[in-house]
Amino acid sequence: MTLIYITCNISMLEQIESLLSELEIGVYQVIPKALAESDFDIPHKDTAVWPGFNACLLVQEVDSSKSDALLGRITKMNEQAYNNSELVSAYLWPVESFVAPKPIESV
């Protein structure tokens, strides 16, 4: 299993979620409002001085080919970006062990 951390301008969230759907990646969480600073864009602090904010996604994927495809597609998106606010960061970590809950059957 891999854990993929993705962070992007909130304006890119819909595209990232569409990409996850297209790749049939269905296990992820969204942090819809993250204040951020990066080395490639202006700060996103949701203030009058630094307006805007980021979104973060935590993706869990057991199929390594899907994880690789996701990173490849994000790389292509970045190559086609019109400005720094369209850039997306993604980081992949191997997960050595985990507890995956099993749904409880209704009585």
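Quick note: structure is the one above.
Here the structure is a predicted model, which means the values were calculated and not measured.

Colleague: When you look at a nonpolar patch on the surface in this model, what are you seeing that I'm missing?
Modeller: Together, Met1, Val62 and Phe98 make up a nonpolar patch on the protein surface, roughly 290 Å² of accessible area in all. Mapped onto the elements of the fold, Met1 is located in the segment before β1 (2-9). The exposure class assigned to Met1 is partly exposed, which follows from its relative accessible area of 30%.

Colleague: Looking at this structure, how should I read the pattern of salt bridges?
Modeller: Oppositely charged side chains are able to pair whenever their charged atoms sit close together. Under the criterion given, the structure shown has three salt bridges. The shortest N-O distance in the salt bridge between Asp46 and Lys33 comes to 2.6 Å. Separated by 13 residues along the polypeptide, Asp46 in the loop between β2 (28-34) and β3 (54-61) and Lys33 in strand β2 bring together distant segments of the chain. In this structure, Lys45 engages Glu37 in a salt bridge whose closest nitrogen and oxygen atoms are separated by 3.1 Å.

Colleague: Please explain the side chain of Thr2 as it appears in this structure.
Modeller: Its location among the elements puts Thr2 in strand β1. With relative accessibility at 12%, the residue Thr2 sits in the buried group. Side chain to side chain, Thr2 and Ser67 meet in a polar contact 2.6 Å long. Excluding residues that lie within four positions of it along the chain, Thr2 makes contacts with Val59, Gln60, Glu61, Ser67, Leu92, Trp93, Pro94 and Val95.

What counts and what doesn't
- Residues numbered from 1 in each chain as written.
- Predicted model: local features only at pLDDT ≥ 70, side-chain atom pairs only at ≥ 80, totals over all residues.
- Heavy atoms only, no water.
- Patch = residues over 30% accessible without salt bridge, like charges linked within 9 Å, V, L, I, M, F, W, Y side chains within 5 Å.
- Areas by Shrake-Rupley, 256 points an atom, 1.4 Å probe, with all protein chains shown as cover.
- Salt bridge = Lys/Arg side-chain N within 4 Å of Asp/Glu carboxyl O.
- Helix = DSSP H or I, 4+ residues; strand = E, 2+ residues; numbered from the N terminus.
- Buried < 20%, exposed > 50% of the residue type's maximum accessible area, 1.4 Å probe, protein only.
- Polar contact = N/O pair within 3.5 Å; in protein donor to acceptor, adjacent residues only side chain to side chain.
- Contact = heavy atoms within 4.5 Å.

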